[in-house]
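Next come the chains, spelled out residue by residue.
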Amino acid sequence: MREEWSKVKIGDLFDTLTGNTPPKKDKTNYGQDIPLIKPPELQDKPITQASEFLSLGGGEKARLVPRDTVLVTCIGNLGRTGISKERIAFNQQINAIKPKCGIEPKFTFYQCQSPAFRKSLENLSSATTVSIVNKSKFNTIEYSVAPPPEQRAIILKLEESFSELDNGIENLNKAKEKLVIYRQAVLKKAFEGKLTKKWRNEQLDLQPASELLKAIKEERMSFYENQLLDWNNAVIEWDEKGKEGKRPIRIRKPNIADDVSENEVERYGALPVEWEWSRFCNVTYKIGDVDHKMPKDFPGGIPYLSTGNLRVDSTIDFDKAKTISNEDYTRLALKIKPEKGDMLFPRYGTIGRNVLVSVDKKFLVSYSCAIIKNIMSLMNEKYVYYYSISPVIKKEIKRYKVETTQANIGIASIEKFVFPICSRSEQREVVKEIETRLSVCDNILENIEEDLKKAEALRLSILEKAFDGKLLSEEEIIACRREKDWESAERLLERIKKIK
(Lines give C-alpha, C1' and ligand atoms only; values in the text may rest on other atoms or scores of the structure.)
Protein backbone atom coordinates (compact mmCIF):
# COMPACT_ATOMS: atom_id res chain seq x y z
CA MET A 1 0.00 0.00 0.00
CA ARG A 2 1.28 3.48 -0.90
CA GLU A 3 2.34 5.94 1.80
CA GLU A 4 -0.47 8.39 0.95
CA TRP A 5 -2.97 5.69 1.93
CA SER A 6 -4.03 4.55 5.41
CA LYS A 7 -5.71 1.53 6.94
CA VAL A 8 -8.47 1.77 9.53
CA LYS A 9 -11.00 -0.59 11.04
CA ILE A 10 -14.42 -0.33 9.43
CA GLY A 11 -16.11 0.32 12.79
CA ASP A 12 -13.75 3.24 13.49
CA LEU A 13 -14.63 4.94 10.20
CA PHE A 14 -18.22 4.05 9.36
CA ASP A 15 -21.56 3.64 11.08
CA THR A 16 -22.56 0.02 10.60
CA LEU A 17 -25.86 -1.77 11.21
CA THR A 18 -27.16 -5.33 11.25
CA GLY A 19 -30.59 -5.67 9.69
CA ASN A 20 -33.78 -7.11 11.10
CA THR A 21 -37.17 -8.36 9.89
CA PRO A 22 -40.37 -6.79 11.25
CA PRO A 23 -42.81 -9.42 12.63
CA LYS A 24 -44.59 -11.34 9.86
CA LYS A 25 -47.58 -11.99 12.09
CA ASP A 26 -48.54 -8.33 11.86
CA LYS A 27 -49.53 -8.03 8.20
CA THR A 28 -49.71 -4.24 8.47
CA ASN A 29 -45.89 -4.23 8.57
CA TYR A 30 -45.81 -5.19 4.89
CA GLY A 31 -46.90 -3.24 1.84
CA GLN A 32 -45.33 -1.53 -1.16
CA ASP A 33 -43.43 1.40 0.35
CA ILE A 34 -39.92 0.34 1.46
CA PRO A 35 -37.82 -2.43 -0.19
CA LEU A 36 -36.79 -5.16 2.26
CA ILE A 37 -33.50 -6.54 0.95
CA LYS A 38 -32.45 -10.18 1.49
CA PRO A 39 -29.19 -11.99 0.55
CA PRO A 40 -30.41 -13.32 -2.86
CA GLU A 41 -30.88 -9.71 -4.00
CA LEU A 42 -27.19 -8.94 -3.36
CA GLN A 43 -25.31 -9.85 -6.55
CA ASP A 44 -22.23 -7.56 -6.35
CA LYS A 45 -24.22 -4.97 -8.31
CA PRO A 46 -26.33 -1.90 -7.47
CA ILE A 47 -29.59 -3.09 -5.89
CA THR A 48 -32.40 -2.81 -8.42
CA GLN A 49 -35.15 -5.05 -7.06
CA ALA A 50 -36.59 -6.57 -3.91
CA SER A 51 -38.83 -9.59 -3.44
CA GLU A 52 -40.63 -8.04 -0.48
CA PHE A 53 -41.67 -4.54 0.64
CA LEU A 54 -42.57 -2.97 3.98
CA SER A 55 -45.30 -0.50 4.72
CA LEU A 56 -44.37 2.88 6.20
CA GLY A 57 -45.41 1.51 9.59
CA GLY A 58 -43.28 -1.60 9.07
CA GLY A 59 -40.37 0.66 8.15
CA GLU A 60 -40.52 2.18 11.64
CA LYS A 61 -39.77 -1.29 13.06
CA ALA A 62 -36.95 -1.96 10.57
CA ARG A 63 -33.44 -0.60 10.31
CA LEU A 64 -33.54 1.82 7.43
CA VAL A 65 -30.48 3.09 5.60
CA PRO A 66 -30.13 5.86 3.02
CA ARG A 67 -29.09 5.85 -0.62
CA ASP A 68 -25.44 4.81 -1.25
CA THR A 69 -25.34 2.40 1.70
CA VAL A 70 -23.25 -0.72 1.04
CA LEU A 71 -24.77 -4.04 2.12
CA VAL A 72 -22.72 -7.20 2.81
CA THR A 73 -24.06 -10.70 3.55
CA CYS A 74 -22.62 -11.91 6.87
CA ILE A 75 -24.52 -15.18 7.41
CA GLY A 76 -24.32 -18.23 5.14
CA ASN A 77 -22.88 -17.20 1.76
CA LEU A 78 -20.50 -14.55 3.08
CA GLY A 79 -19.44 -11.43 1.21
CA ARG A 80 -22.14 -10.85 -1.40
CA THR A 81 -22.55 -7.10 -1.82
CA GLY A 82 -24.95 -4.48 -3.05
CA ILE A 83 -25.23 -0.69 -2.99
CA SER A 84 -28.57 1.04 -2.44
CA LYS A 85 -30.07 3.51 -4.92
CA GLU A 86 -32.79 4.59 -2.48
CA ARG A 87 -33.80 4.26 1.16
CA ILE A 88 -34.10 0.57 2.02
CA ALA A 89 -34.51 -1.93 4.85
CA PHE A 90 -32.59 -5.20 5.07
CA ASN A 91 -32.76 -8.43 7.03
CA GLN A 92 -30.61 -9.87 9.82
CA GLN A 93 -28.31 -11.80 7.48
CA ILE A 94 -26.87 -8.54 6.21
CA ASN A 95 -24.59 -5.85 7.66
CA ALA A 96 -24.75 -2.32 6.28
CA ILE A 97 -22.00 0.30 5.90
CA LYS A 98 -23.61 3.74 5.83
CA PRO A 99 -22.08 6.40 3.54
CA LYS A 100 -19.48 8.74 5.01
CA CYS A 101 -18.50 12.22 3.80
CA GLY A 102 -15.04 12.04 2.20
CA ILE A 103 -15.36 8.36 1.21
CA GLU A 104 -16.87 7.59 -2.18
CA PRO A 105 -19.69 5.03 -1.71
CA LYS A 106 -18.56 2.99 -4.71
CA PHE A 107 -15.01 2.90 -3.33
CA THR A 108 -16.46 1.05 -0.34
CA PHE A 109 -18.75 -1.06 -2.56
CA TYR A 110 -15.86 -2.35 -4.69
CA GLN A 111 -13.50 -2.75 -1.74
CA CYS A 112 -16.03 -5.09 -0.09
CA GLN A 113 -15.71 -7.32 -3.17
CA SER A 114 -11.90 -7.48 -2.95
CA PRO A 115 -10.10 -10.73 -2.11
CA ALA A 116 -8.61 -9.23 1.07
CA PHE A 117 -12.01 -8.15 2.40
CA ARG A 118 -13.67 -11.49 1.67
CA LYS A 119 -10.76 -13.39 3.17
CA SER A 120 -11.17 -11.32 6.34
CA LEU A 121 -14.85 -12.27 6.46
CA GLU A 122 -14.02 -15.96 6.14
CA ASN A 123 -11.35 -15.75 8.84
CA LEU A 124 -13.77 -14.05 11.23
CA SER A 125 -16.70 -16.41 10.63
CA SER A 126 -17.86 -18.50 13.57
CA ALA A 127 -17.08 -22.23 13.35
CA THR A 128 -20.70 -23.38 13.16
CA THR A 129 -22.81 -25.24 10.61
CA VAL A 130 -23.62 -21.87 9.02
CA SER A 131 -20.91 -19.23 8.64
CA ILE A 132 -21.67 -16.11 10.70
CA VAL A 133 -19.82 -12.81 11.13
CA ASN A 134 -21.55 -10.63 13.74
CA LYS A 135 -21.39 -6.85 13.74
CA SER A 136 -18.64 -6.56 16.37
CA LYS A 137 -16.36 -8.86 14.34
CA PHE A 138 -17.38 -7.16 11.10
CA ASN A 139 -16.27 -3.81 12.51
CA THR A 140 -12.72 -5.11 13.01
CA ILE A 141 -12.09 -5.68 9.28
CA GLU A 142 -9.35 -3.40 7.93
CA TYR A 143 -10.40 -0.82 5.34
CA SER A 144 -7.98 0.92 2.95
CA VAL A 145 -8.46 4.68 2.70
CA ALA A 146 -7.14 6.59 -0.35
CA PRO A 147 -7.03 10.32 -1.12
CA PRO A 148 -10.42 11.45 -2.55
CA PRO A 149 -9.21 12.04 -6.16
CA GLU A 150 -7.61 8.58 -6.18
CA GLN A 151 -10.87 7.04 -4.93
CA ARG A 152 -12.69 8.55 -7.92
CA ALA A 153 -9.96 7.54 -10.37
CA ILE A 154 -9.97 3.96 -9.08
CA ILE A 155 -13.77 3.73 -9.37
CA LEU A 156 -13.60 5.03 -12.95
CA LYS A 157 -10.86 2.58 -13.92
CA LEU A 158 -12.61 -0.35 -12.24
CA GLU A 159 -15.86 0.37 -14.03
CA GLU A 160 -14.12 0.71 -17.40
CA SER A 161 -12.35 -2.62 -16.86
CA PHE A 162 -15.46 -4.37 -15.56
CA SER A 163 -17.58 -3.06 -18.43
CA GLU A 164 -15.34 -4.85 -20.94
CA LEU A 165 -15.13 -7.90 -18.73
CA ASP A 166 -18.90 -8.06 -18.24
CA ASN A 167 -19.48 -7.80 -21.99
CA GLY A 168 -17.16 -10.75 -22.51
CA ILE A 169 -18.89 -12.75 -19.76
CA GLU A 170 -22.29 -11.93 -21.24
CA ASN A 171 -21.17 -13.22 -24.64
CA LEU A 172 -19.79 -16.41 -23.07
CA ASN A 173 -23.07 -17.02 -21.24
CA LYS A 174 -25.02 -16.43 -24.45
CA ALA A 175 -22.83 -19.04 -26.12
CA LYS A 176 -23.64 -21.45 -23.28
CA GLU A 177 -27.36 -20.85 -23.82
CA LYS A 178 -26.97 -21.57 -27.53
CA LEU A 179 -25.22 -24.84 -26.70
CA VAL A 180 -28.17 -25.88 -24.53
CA ILE A 181 -30.54 -25.15 -27.42
CA TYR A 182 -28.28 -27.04 -29.85
CA ARG A 183 -28.11 -30.08 -27.55
CA GLN A 184 -31.89 -30.23 -27.37
CA ALA A 185 -32.11 -29.86 -31.16
CA VAL A 186 -29.71 -32.80 -31.59
CA LEU A 187 -31.78 -34.97 -29.24
CA LYS A 188 -35.02 -33.97 -30.95
CA LYS A 189 -33.73 -34.97 -34.38
CA ALA A 190 -32.16 -38.15 -33.02
CA PHE A 191 -35.47 -39.49 -31.70
CA GLU A 192 -37.32 -38.51 -34.83
CA GLY A 193 -34.99 -40.85 -36.74
CA LYS A 194 -33.47 -37.98 -38.74
CA LEU A 195 -29.84 -38.45 -37.67
CA THR A 196 -29.81 -42.08 -38.85
CA LYS A 197 -31.85 -41.67 -42.04
CA LYS A 198 -28.87 -42.26 -44.34
CA TRP A 199 -27.69 -45.27 -42.31
CA ARG A 200 -31.21 -46.74 -42.33
CA ASN A 201 -31.52 -46.46 -46.09
CA GLU A 202 -28.33 -48.48 -46.51
CA GLN A 203 -29.61 -51.46 -44.46
CA LEU A 204 -31.05 -54.52 -46.24
CA ASP A 205 -32.46 -56.58 -43.34
CA LEU A 206 -33.32 -54.08 -40.61
CA GLN A 207 -35.40 -55.56 -37.78
CA PRO A 208 -38.75 -53.76 -37.34
CA ALA A 209 -39.49 -52.35 -33.91
CA SER A 210 -42.53 -54.64 -33.55
CA GLU A 211 -40.25 -57.73 -33.37
CA LEU A 212 -38.08 -56.11 -30.72
CA LEU A 213 -41.17 -55.24 -28.65
CA LYS A 214 -42.26 -58.92 -28.68
CA ALA A 215 -38.84 -60.02 -27.41
CA ILE A 216 -38.91 -57.34 -24.71
CA LYS A 217 -42.35 -58.48 -23.53
CA GLU A 218 -41.09 -62.06 -23.04
CA GLU A 219 -37.96 -60.89 -21.25
CA ARG A 220 -39.98 -58.69 -18.89
CA MET A 221 -42.15 -61.63 -17.81
CA SER A 222 -39.11 -63.81 -17.18
CA PHE A 223 -37.62 -61.04 -15.04
CA TYR A 224 -40.81 -60.84 -12.97
CA GLU A 225 -40.87 -64.58 -12.35
CA ASN A 226 -37.27 -64.54 -11.09
CA GLN A 227 -38.04 -61.60 -8.79
CA LEU A 228 -41.10 -63.39 -7.42
CA LEU A 229 -38.96 -66.45 -6.63
CA ASP A 230 -36.47 -64.25 -4.74
CA TRP A 231 -39.34 -62.68 -2.79
CA ASN A 232 -40.82 -66.05 -1.79
CA ASN A 233 -37.41 -67.29 -0.60
CA ALA A 234 -36.92 -64.10 1.41
CA VAL A 235 -40.29 -64.51 3.14
CA ILE A 236 -39.46 -68.13 4.08
CA GLU A 237 -36.10 -67.02 5.50
CA TRP A 238 -37.80 -64.14 7.35
CA ASP A 239 -40.37 -66.49 8.92
CA GLU A 240 -37.79 -69.11 9.89
CA LYS A 241 -35.71 -66.53 11.76
CA GLY A 242 -38.86 -65.53 13.64
CA LYS A 243 -38.14 -61.84 13.27
CA GLU A 244 -40.80 -59.33 14.14
CA GLY A 245 -41.63 -56.41 11.95
CA LYS A 246 -42.34 -55.71 8.33
CA ARG A 247 -41.95 -58.50 5.79
CA PRO A 248 -40.16 -57.92 2.50
CA ILE A 249 -42.20 -55.76 0.14
CA ARG A 250 -44.43 -57.75 -2.22
CA ILE A 251 -43.45 -57.83 -5.88
CA ARG A 252 -46.08 -56.77 -8.40
CA LYS A 253 -46.38 -57.86 -12.00
CA PRO A 254 -44.78 -55.56 -14.56
CA ASN A 255 -47.19 -53.03 -16.01
CA ILE A 256 -48.11 -53.20 -19.67
CA ALA A 257 -49.28 -49.78 -20.82
CA ASP A 258 -51.84 -49.12 -23.54
CA ASP A 259 -50.74 -48.45 -27.09
CA VAL A 260 -49.99 -44.87 -28.06
CA SER A 261 -53.14 -43.25 -29.47
CA GLU A 262 -53.37 -41.50 -32.84
CA ASN A 263 -53.85 -38.17 -31.04
CA GLU A 264 -50.56 -38.66 -29.20
CA VAL A 265 -48.79 -39.63 -32.41
CA GLU A 266 -50.00 -36.36 -33.94
CA ARG A 267 -48.76 -34.48 -30.86
CA TYR A 268 -45.26 -35.93 -31.02
CA GLY A 269 -44.87 -36.44 -34.74
CA ALA A 270 -44.47 -39.31 -37.17
CA LEU A 271 -41.62 -41.79 -36.91
CA PRO A 272 -39.78 -43.73 -39.65
CA VAL A 273 -41.78 -46.77 -40.81
CA GLU A 274 -39.31 -49.13 -39.11
CA TRP A 275 -39.90 -47.42 -35.73
CA GLU A 276 -42.88 -47.51 -33.35
CA TRP A 277 -44.25 -45.41 -30.55
CA SER A 278 -44.48 -47.38 -27.30
CA ARG A 279 -44.46 -46.55 -23.56
CA PHE A 280 -41.56 -46.26 -21.16
CA CYS A 281 -42.73 -49.19 -19.01
CA ASN A 282 -43.06 -51.43 -22.11
CA VAL A 283 -39.36 -51.14 -23.00
CA THR A 284 -37.84 -51.54 -19.52
CA TYR A 285 -37.83 -54.33 -16.96
CA LYS A 286 -39.42 -52.15 -14.38
CA ILE A 287 -39.92 -48.56 -13.22
CA GLY A 288 -40.33 -48.21 -9.48
CA ASP A 289 -39.14 -46.78 -6.20
CA VAL A 290 -38.26 -48.10 -2.76
CA ASP A 291 -40.47 -48.09 0.33
CA HIS A 292 -41.49 -44.54 1.32
CA LYS A 293 -40.62 -45.23 4.96
CA MET A 294 -37.17 -43.78 5.43
CA PRO A 295 -34.60 -46.30 6.78
CA LYS A 296 -32.47 -45.31 9.76
CA ASP A 297 -28.95 -43.97 9.43
CA PHE A 298 -26.23 -46.57 9.83
CA PRO A 299 -22.71 -45.04 9.85
CA GLY A 300 -20.32 -46.76 7.47
CA GLY A 301 -23.14 -48.73 5.86
CA ILE A 302 -24.52 -48.87 2.33
CA PRO A 303 -25.10 -45.57 0.45
CA TYR A 304 -28.73 -44.43 0.33
CA LEU A 305 -28.99 -41.58 -2.15
CA SER A 306 -31.43 -38.70 -2.48
CA THR A 307 -31.88 -36.20 -5.33
CA GLY A 308 -29.24 -34.02 -3.67
CA ASN A 309 -26.62 -36.66 -4.45
CA LEU A 310 -27.30 -36.45 -8.22
CA ARG A 311 -25.04 -33.79 -9.67
CA VAL A 312 -25.84 -31.42 -12.53
CA ASP A 313 -23.18 -33.13 -14.67
CA SER A 314 -25.10 -36.45 -14.41
CA THR A 315 -22.67 -38.04 -11.94
CA ILE A 316 -23.39 -39.39 -8.46
CA ASP A 317 -21.97 -37.99 -5.21
CA PHE A 318 -21.59 -41.07 -3.01
CA ASP A 319 -19.34 -39.31 -0.48
CA LYS A 320 -22.13 -37.15 0.97
CA ALA A 321 -24.84 -39.82 0.85
CA LYS A 322 -26.68 -41.18 3.88
CA THR A 323 -25.77 -44.79 4.73
CA ILE A 324 -28.07 -47.59 5.89
CA SER A 325 -27.71 -51.08 7.38
CA ASN A 326 -27.28 -54.19 5.26
CA GLU A 327 -30.54 -55.54 6.71
CA ASP A 328 -32.51 -52.50 5.52
CA TYR A 329 -30.77 -52.66 2.15
CA THR A 330 -31.65 -56.36 1.72
CA ARG A 331 -35.33 -55.78 2.49
CA LEU A 332 -35.71 -52.64 0.37
CA ALA A 333 -33.70 -54.06 -2.54
CA LEU A 334 -36.19 -56.91 -3.01
CA LYS A 335 -38.68 -54.45 -4.47
CA ILE A 336 -36.18 -52.70 -6.72
CA LYS A 337 -32.50 -51.79 -6.63
CA PRO A 338 -30.29 -49.76 -8.95
CA GLU A 339 -27.52 -51.54 -10.83
CA LYS A 340 -25.00 -50.59 -13.48
CA GLY A 341 -26.88 -49.68 -16.66
CA ASP A 342 -30.06 -48.60 -14.84
CA MET A 343 -31.27 -45.02 -14.71
CA LEU A 344 -32.15 -42.79 -11.77
CA PHE A 345 -35.02 -40.42 -12.56
CA PRO A 346 -35.59 -37.69 -9.91
CA ARG A 347 -39.33 -37.20 -9.53
CA TYR A 348 -39.40 -34.47 -6.87
CA GLY A 349 -38.00 -30.96 -7.17
CA THR A 350 -35.40 -31.21 -9.95
CA ILE A 351 -37.56 -33.56 -12.02
CA GLY A 352 -35.77 -35.18 -14.94
CA ARG A 353 -32.16 -34.49 -13.89
CA ASN A 354 -31.49 -38.10 -14.79
CA VAL A 355 -28.38 -40.16 -14.21
CA LEU A 356 -27.30 -43.33 -15.98
CA VAL A 357 -25.63 -45.59 -13.40
CA SER A 358 -22.11 -46.22 -14.69
CA VAL A 359 -20.63 -47.83 -11.57
CA ASP A 360 -20.90 -51.41 -10.36
CA LYS A 361 -21.63 -50.56 -6.72
CA LYS A 362 -24.07 -51.64 -4.03
CA PHE A 363 -26.42 -48.76 -3.16
CA LEU A 364 -30.06 -47.64 -3.00
CA VAL A 365 -31.84 -44.44 -3.84
CA SER A 366 -34.78 -42.98 -1.91
CA TYR A 367 -38.34 -42.76 -3.20
CA SER A 368 -37.59 -39.22 -4.38
CA CYS A 369 -36.17 -40.95 -7.47
CA ALA A 370 -37.64 -43.55 -9.76
CA ILE A 371 -35.34 -46.42 -10.71
CA ILE A 372 -35.63 -47.41 -14.35
CA LYS A 373 -34.26 -50.89 -14.90
CA ASN A 374 -32.98 -51.15 -18.44
CA ILE A 375 -33.11 -54.39 -20.44
CA MET A 376 -29.53 -54.16 -21.63
CA SER A 377 -29.69 -57.43 -23.59
CA LEU A 378 -32.33 -55.87 -25.87
CA MET A 379 -32.20 -52.11 -25.32
CA ASN A 380 -29.19 -49.79 -25.52
CA GLU A 381 -29.09 -48.11 -22.10
CA LYS A 382 -27.55 -44.93 -23.52
CA TYR A 383 -30.36 -44.72 -26.06
CA VAL A 384 -32.85 -44.85 -23.16
CA TYR A 385 -30.86 -42.28 -21.18
CA TYR A 386 -30.53 -39.75 -24.00
CA TYR A 387 -34.23 -40.06 -24.75
CA SER A 388 -34.99 -39.44 -21.06
CA ILE A 389 -33.41 -35.97 -21.31
CA SER A 390 -34.87 -35.15 -24.73
CA PRO A 391 -37.48 -32.45 -25.54
CA VAL A 392 -40.25 -35.07 -25.78
CA ILE A 393 -39.68 -36.20 -22.18
CA LYS A 394 -39.66 -32.56 -21.07
CA LYS A 395 -43.14 -32.29 -22.65
CA GLU A 396 -44.24 -35.48 -20.92
CA ILE A 397 -42.99 -34.20 -17.55
CA LYS A 398 -44.92 -30.97 -18.06
CA ARG A 399 -47.99 -32.98 -19.05
CA TYR A 400 -48.02 -35.24 -15.98
CA LYS A 401 -46.30 -33.12 -13.32
CA VAL A 402 -48.30 -32.41 -10.16
CA GLU A 403 -47.81 -28.88 -8.87
CA THR A 404 -47.99 -28.81 -5.07
CA THR A 405 -45.63 -27.30 -2.48
CA GLN A 406 -42.94 -29.32 -4.24
CA ALA A 407 -43.50 -30.32 -7.87
CA ASN A 408 -43.56 -34.08 -8.31
CA ILE A 409 -44.41 -36.81 -10.77
CA GLY A 410 -45.72 -40.30 -10.03
CA ILE A 411 -44.28 -43.66 -11.06
CA ALA A 412 -47.46 -44.45 -13.01
CA SER A 413 -47.01 -41.26 -15.04
CA ILE A 414 -43.39 -42.08 -15.90
CA GLU A 415 -44.49 -45.54 -17.01
CA LYS A 416 -46.95 -43.93 -19.44
CA PHE A 417 -44.38 -41.63 -21.07
CA VAL A 418 -44.29 -42.22 -24.82
CA PHE A 419 -41.16 -43.91 -26.13
CA PRO A 420 -39.90 -44.12 -29.75
CA ILE A 421 -38.39 -47.56 -30.29
CA CYS A 422 -36.24 -48.80 -33.14
CA SER A 423 -34.06 -51.86 -33.70
CA ARG A 424 -31.13 -52.40 -31.35
CA SER A 425 -28.65 -51.90 -34.20
CA GLU A 426 -30.21 -48.54 -35.02
CA GLN A 427 -30.21 -47.59 -31.34
CA ARG A 428 -26.41 -47.97 -31.41
CA GLU A 429 -26.24 -45.71 -34.46
CA VAL A 430 -28.50 -43.11 -32.82
CA VAL A 431 -26.25 -43.05 -29.74
CA LYS A 432 -23.15 -42.74 -31.94
CA GLU A 433 -24.65 -39.81 -33.87
CA ILE A 434 -25.71 -38.08 -30.65
CA GLU A 435 -22.35 -38.50 -28.93
CA THR A 436 -20.39 -37.33 -31.98
CA ARG A 437 -22.28 -34.05 -31.89
CA LEU A 438 -22.49 -33.65 -28.13
CA SER A 439 -18.77 -34.30 -27.70
CA VAL A 440 -18.13 -31.20 -29.81
CA CYS A 441 -20.58 -29.34 -27.55
CA ASP A 442 -18.79 -30.58 -24.46
CA ASN A 443 -15.41 -29.40 -25.77
CA ILE A 444 -16.80 -25.95 -26.54
CA LEU A 445 -18.51 -25.80 -23.15
CA GLU A 446 -15.29 -26.78 -21.41
CA ASN A 447 -13.51 -23.90 -23.15
CA ILE A 448 -16.30 -21.49 -22.20
CA GLU A 449 -16.17 -22.56 -18.55
CA GLU A 450 -12.40 -22.13 -18.57
CA ASP A 451 -12.78 -18.61 -20.02
CA LEU A 452 -15.39 -17.75 -17.38
CA LYS A 453 -12.99 -18.88 -14.64
CA LYS A 454 -10.25 -16.74 -16.17
CA ALA A 455 -12.63 -13.76 -16.29
CA GLU A 456 -13.47 -14.17 -12.60
CA ALA A 457 -9.77 -14.52 -11.74
CA LEU A 458 -9.03 -11.36 -13.72
CA ARG A 459 -11.79 -9.47 -11.87
CA LEU A 460 -10.32 -10.50 -8.53
CA SER A 461 -6.82 -9.57 -9.67
CA ILE A 462 -8.01 -6.10 -10.71
CA LEU A 463 -9.77 -5.61 -7.37
CA GLU A 464 -6.67 -6.76 -5.48
CA LYS A 465 -4.48 -4.24 -7.34
CA ALA A 466 -7.05 -1.49 -6.82
CA PHE A 467 -7.03 -1.73 -3.02
CA ASP A 468 -3.33 -2.39 -2.73
CA GLY A 469 -2.86 1.00 -4.39
CA LYS A 470 -1.34 -0.53 -7.55
CA LEU A 471 -4.10 -0.05 -10.12
CA LEU A 472 -3.34 3.55 -11.15
CA SER A 473 -0.32 4.40 -13.26
CA GLU A 474 2.22 7.03 -12.15
CA GLU A 475 0.72 9.49 -14.67
CA GLU A 476 -2.77 8.91 -13.27
CA ILE A 477 -1.53 9.39 -9.69
CA ILE A 478 0.21 12.65 -10.66
CA ALA A 479 -3.05 13.84 -12.25
CA CYS A 480 -4.91 12.99 -9.02
CA ARG A 481 -2.42 15.04 -6.97
CA ARG A 482 -3.27 18.09 -9.10
CA GLU A 483 -6.93 17.90 -8.03
CA LYS A 484 -8.02 20.69 -5.66
CA ASP A 485 -9.37 18.28 -3.03
CA TRP A 486 -6.30 16.03 -2.94
CA GLU A 487 -5.11 15.26 0.57
CA SER A 488 -3.43 12.25 2.14
CA ALA A 489 -5.61 9.57 3.64
CA GLU A 490 -4.20 10.42 7.08
CA ARG A 491 -5.37 14.04 6.82
CA LEU A 492 -8.70 12.90 5.38
CA LEU A 493 -9.26 10.63 8.39
CA GLU A 494 -8.42 13.46 10.80
CA ARG A 495 -10.95 15.70 9.04
CA ILE A 496 -13.64 12.99 9.14
CA LYS A 497 -12.95 12.44 12.84
CA LYS A 498 -13.55 16.16 13.54
CA ILE A 499 -16.85 16.04 11.65
CA LYS A 500 -17.98 13.21 14.01
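This section reports on the structure supplied with the text. (Residues numbered from 1 in each chain as written. Predicted model: local features only at pLDDT ≥ 70, side-chain atom pairs only at ≥ 80, totals over all residues. Heavy atoms only, no water.)

Among the residues of helix 16 (residues 489-499), those classed as buried are Ala489, Leu492, Leu493 and Ile496. For helix 16, the arc enclosing every buried residue in end-on projection is 100 degrees, short of the 170-degree limit, so these residues lie on one face. Seen from the open side of helix 16, the exposed residues pointing more than 90 degrees away from its buried face are Glu490, Arg491, Lys497 and Lys498. Looking at the buried positions of helix 16, the neighbouring elements they touch are strand 1 (6-9), helix 1 (10-13), strand 10 (142-145) and helix 6 (148-190). (Buried < 20%, exposed > 50% of the residue type's maximum accessible area, 1.4 Å probe, protein only. Helix = DSSP H or I, 4+ residues; strand = E, 2+ residues; numbered from the N terminus. Arc of directions from axis to C-beta. Contact = heavy atoms within 4.5 Å.)

What follows is about the sheet that holds strand 13 (residues 302-305). As summarised here, the arrangement of the three strands in space is 14-13-17, forming an open sheet in which the pairing is mixed. Two strands bound the open sheet, and with one partner strand each, they are strand 14 (322-324) and strand 17 (364-365). Summarising the sheet, strand 13 and strand 14 pair through three bridges and their orientation is antiparallel. Each bridged residue has a counterpart across the sheet, and for Ile302 the counterpart in strand 14 is Ile324. (Pairing = 2+ DSSP bridges.)

We now examine the packing of helix 11 (residues 381-388) against helix 14 (residues 424-467). Following both chains from N to C, one finds helix 11 and helix 14 inclined at 55 degrees, their axes separated by 9 Å at the closest point. Between helix 11 and helix 14, the interaxial angle falls into the category oblique. The chirality of how helix 11 crosses helix 14 is left-handed. Contact with helix 11, carried on its side by Lys382, Tyr383 and Tyr386, involves Gln427, Val430, Val431, Ile434, Glu435 and Leu438 of helix 14 and no other residues of that element. Class assignment for the residues of the contact of helix 11 with helix 14 results in six nonpolar, one polar and two charged. (Axes fitted to C-alpha atoms, helices over the stretch in contact; angles between N-to-C directions. Parallel < 35°, antiparallel > 145°, perpendicular 65-115°, else oblique. Left-handed = near helix turned anticlockwise from the far one by under 90°. Nonpolar A, V, L, I, M, F, W, Y, C, P; charged D, E, K, R; others polar.)

Once that is clear, we can look at the environment of Glu339. For Glu339, the location among the structural elements is in the loop between helix 10 (326-333) and strand 15 (343-346). Placed 32 residues apart in sequence, Glu339 and Ile371 show a C-alpha to C-alpha distance of 9.3 Å. Filtering out sequence-adjacent residues up to four positions away, Glu339 remains in contact with Val357 and Lys373.

As a further point, take the packing of aromatic side chains. Here the structure, examined in full by the defined rule, presents 20 aromatic pairs. Between Phe117 and Phe138 the ring centres are 6.2 Å apart and the planes differ by 80 degrees, which places this aromatic pair in the edge-to-face class. You can see Phe117 sitting in helix 4 (residues 115-124) and its partner Phe138 sitting in helix 5 (residues 135-138), a full 21 residues away along the chain. Overall, the relative accessible area of 3% leaves Phe117 in the buried class. Under the relative-accessibility criterion, Phe138 is labelled buried at 0%. Grouping aromatic residues by their ring pairs yields a cluster made of Trp5, Phe14, Phe107, Tyr143 and Phe467. In this structure, Lys361 is placed above the aromatic ring of Phe318, and the distance from its NZ or CZ to the ring centre is 5.0 Å. Geometry around Trp486 places Arg481 over its ring, the cationic atom sitting 4.2 Å from the centre. (Phe/Tyr/Trp six-rings, centres within 6.5 Å; stacked < 30°, edge-to-face > 60°. Lys NZ or Arg CZ within 6 Å of the ring centre and 35° of its normal.)

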